[in-house]
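# Examining the three-dimensional arrangement
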Amino acid sequence: MKKGEILEGRVERVEFPNKGIVICSGGECVVKNALPGQKVTFMVQKVRKGKAEGRLLEVLEKSSLETENLCPHFGICGGCTYLSLPYEEQLRIKEKQVKKLLDGVLKKQEKEYVYEGIKASPRPYGYRNKMEFSFGDEVKDGPLALGMHKRGSFYDIVTVKDCQIVDEDYRKILVCAREYFANGKVSFFHRLRHEGYLRHLLVRKGAKTGEILIALVTTTQEEHSSELEGFRDALLNLELEGKIVGILHTENDSNADVVKSDRTTILYGQDFFYEELLGLKFKVSEFSFFQTNTYGAEVLYQTTREYIGDLSQEGEKDKTVYDLYSGTGTIAQMMADVAKKVIGVEIVEEAVEAAKRNAAMNGLDNCQFIAGDVLKVLDEIEEKPDFIILDPPRDGVHPKALKKIIGYGVDRLVYISCKPTSLVRDLEVFLENGYEVVGAVAVDQFPGTANIETICCLSRIK
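Every chain is numbered independently, its residues counted from 1 as its sequence is written. Whole-chain, interface and lining totals are the exception, using all residues; otherwise, since this is a predicted model, local features are given only for residues with pLDDT of at least 70 and side-chain atom pairs are given and counted only at 80 or more. Computation of side-chain values: all heavy atoms of the structure, hydrogens and water removed.

### Some remarks on the sheet that holds strand β4 (residues 39–48)
What holds strands together in a sheet is hydrogen bonding between their backbones, with the strands either parallel or antiparallel. Where we set the bar: Strands qualify as paired when DSSP identifies two bridges or more between them. Each helix corresponds to a stretch of at least 4 residues labelled H or I by DSSP, and each strand to a stretch of at least 2 residues labelled E; elements are numbered beginning at the N terminus. Only C-alpha atoms enter the line fits that serve as axes; for helices the fit covers just the stretch in contact. Angles between N-to-C directions range over 0 to 180 degrees.
Strand order around the closed barrel formed by five strands is β1-β2-β3-β5-β4, with mixed pairing between neighbours. Ignoring strand direction, the axes of neighbouring strands in this sheet form an average angle of 50°. Examined bridge by bridge, strand β1 (residues 6–15) and β4 share five bridges and lie antiparallel to one another. Following the sheet pairing, Leu 7 is matched in β4 by Phe 42.

See the structure below:
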């Protein structure tokens, strides 16, 4: 294969997260976003050390696995990878991907581990409780668009008015916002020129409570106070299944394409909503971390509890648990009734404050939450853990923090990962330092997409 060459071939399999392995006359090539069984054309973009990478140009033949697609935006929008496949087939692909990655590192341990396969999301469609939509245009100088980035593009936006991973309320709110600002001819923030007003529309909804929080994110480059009032009224006039409890105006003048706040004003109601999870209540604000699939999160946390088992001895709760990278303290609160004390550590101060409020609201007095970097905070905590739960961000655990965690020598750990490639890198360090994986399971929190959660239970070799 040569760079720039256009070839065609059949997709043999897909490796995590979305790497289609295409077999063609020149050998194997990695083509992202191709599905198993498809016949595709692609352009070779990179050839190095016998490995080739290409860009998908066209699907010549659909895979026999594909069904009639539920979403008209699929393949154009960059949000989903597997939506044209039956959900059972999506699960099979992800289950094999995780197993292959785990086997690659766990073959080094003496004892075999138990792989429990994959647990499905209770809702394969309409499951998301948070969406960040972007303003822009689908083509240069085209009409105002509001939705997701076009696949493979940094600038072009697709209006995803029929998106299938959210419920009807999200779709109505998106259409209302786009039409309102398009009719008013309000400018959007141009990511290249760094000029314009409209940036993002953040929508969050409690799957259990039905409460909806909406935030319009703009720059301060223009003044549109009357339009903001009209937008608020247009939203409140929508007929929704849920109930809007808060509408916010968030100002952000950063050049980076991220949803953040320099200043937030309440246009209506309040700046938070409530959600429920496994019988506990959580107060969630605009930027609070909370699992984006409420029903899937219940599966994830119930499975974690099963791995942890009974921490008490002779009926007494005498164990101290560390919940590292604790976010808003969801896992810590799930553990509170089986432990003497749970200590959560999280670097985002707002998340820590939310965790404290949520624990108090749920009547839990044995949870302590500390704001700070895990790497530094571990040196400051006097109480040593009997058990550790890790739920790090996508990049995994910092290598120096990992050494400190291993240094506690706890008998068991549970590692929850949203990126299995980071997980297996960290597992290799655990194996080198006297631990073995006794059980693992994948949990599908993100149907239709290439993302997957994995839970591993580790035991110290005696």
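### Concerning the packing of aromatic side chains
Threshold: Within 6.5 Å between ring centres, the rings of Phe, Tyr and Trp (the latter by its six-membered ring) count as paired, and their orientation is classed by plane angle as stacked under 30 degrees, edge-to-face over 60, tilted in between. When accessible area is computed with a 1.4 Å probe and restricted to protein chains, residues below 20% of their type maximum are described as buried, those above 50% as exposed, and intermediate ones as partly exposed.
Overall, the coordinates contain ten aromatic pairs when judged by the stated rule. Both rings, one in Tyr 180 and one in Phe 231, keep their centres 6.0 Å apart while their planes meet at 40°; by these two values the pair is tilted. Of this pair, Tyr 180 sits in helix α2 (residues 168–183) while Phe 231 is found in helix α3 (residues 225–236), placing the two residues 51 residues apart along the sequence. Residue classification places Tyr 180 among the partly exposed positions, given a relative accessible area of 24%. Judged by centre distance (5.5 Å) and plane angle (85°), the rings of Tyr 322 and Tyr 408 are edge-to-face. Of this pair, Tyr 322 sits in strand β16 (residues 320–324) while Tyr 408 sits in the loop between α8 (399–407) and β20 (412–417), and the two are 86 residues apart along the sequence. Overall, Tyr 322 belongs to the buried group, its relative accessible area being 0%.

### Comments concerning the packing of α2 against α3
Between two packed helices, both the angle of their axes relative to each other and the distance between the axes serve to describe the pair. Basically, it comes down to this: Reported orientations rely on four angle classes, namely roughly parallel under 35 degrees, roughly antiparallel over 145, roughly perpendicular from 65 to 115, and oblique for the rest. Rotating anticlockwise by less than a right angle from the far helix to the near helix defines a left-handed crossing, while the corresponding clockwise rotation defines a right-handed one. Contacts between residues were defined by any pair of non-hydrogen atoms, one from each residue, lying within 4.5 Å. Each residue gets one of three labels, nonpolar for Ala, Val, Leu, Ile, Met, Phe, Trp, Tyr, Cys and Pro, charged for Asp, Glu, Lys and Arg, and polar for the others, Gly among them.
Interaxial distance between α2 and α3 falls to 10 Å at its minimum, and their mutual angle equals 150°. Viewed along their axes, α2 and α3 adopt a mutual orientation that is roughly antiparallel. The handedness of the crossing between α2 and α3 is right-handed. Together, Ile 173, Cys 176, Ala 177, Tyr 180 and Phe 181 of α2 and Ser 226, Glu 227, Gly 230, Phe 231, Ala 234 and Leu 235 of α3 make up the contact between the two elements. A per-class count over the contact of α2 with α3 returns eight nonpolar, two polar and one charged.

### Notes on the nonpolar core
Counted only if it meets this: In plain words, nonpolar cores are sets of buried Ala, Val, Leu, Ile, Met, Phe, Trp, Tyr and Cys residues tied together by side-chain atoms within 4.5 Å.
Residues Leu 102, Leu 324 and Leu 390 are the most contacted members of the largest nonpolar core, which totals 44 residues. Here this core takes six residues from helix α1 (residues 87–106), the largest share from any one element. Contact partners of Leu 102, with chain neighbours within four places excluded, come to Tyr 113, Tyr 115, Leu 423, Val 424, Leu 427, Ala 440, Thr 454 and Cys 456. Core analysis: the second largest hydrophobic core is formed by 39 residues, Tyr 301, Val 338, Phe 387 and Ile 455 among them.

### A closer look at the sheet that holds β20
The strand order β6-β21-β22-β20-β19-β16-β17-β18 describes an open sheet built from eight strands, whose pairing is mixed. With partners counted over all chains shown, the strands left at the sheet margins are β6 (114–119) and β18 (367–371), one partner each. Averaged over all adjacent pairs, the angle separating strand axes in this sheet is 15°, with direction ignored. One ladder, built from four bridges, connects β16 with strand β19 (residues 387–390); its direction is parallel. Directly across from Leu 324, in β19, lies its bridge partner Leu 390. Against the sheet, α1 engages β6, β21 (435–443) and β22 (453–460), with an angle of about 155° to β6.

### Description of helix α4 (residues 294–308)
Under the convention used in this document: To estimate how far a helix should extend, the number of its residues minus one is multiplied by 1.5 Å.
Over its 15 residues, α4 extends 21 Å from the first C-alpha to the last, a length consistent with the 21 Å expected when each residue adds 1.5 Å. The buried fraction of α4 is high, at eleven of 15 residues. Along α4, the residues classified as buried are Thr 294, Gly 296, Ala 297, Glu 298, Val 299, Leu 300, Tyr 301, Thr 303, Thr 304, Tyr 307 and Ile 308. Downstream of α4 by one or two residues, Gly 309 has phi in the positive range, about 70°.

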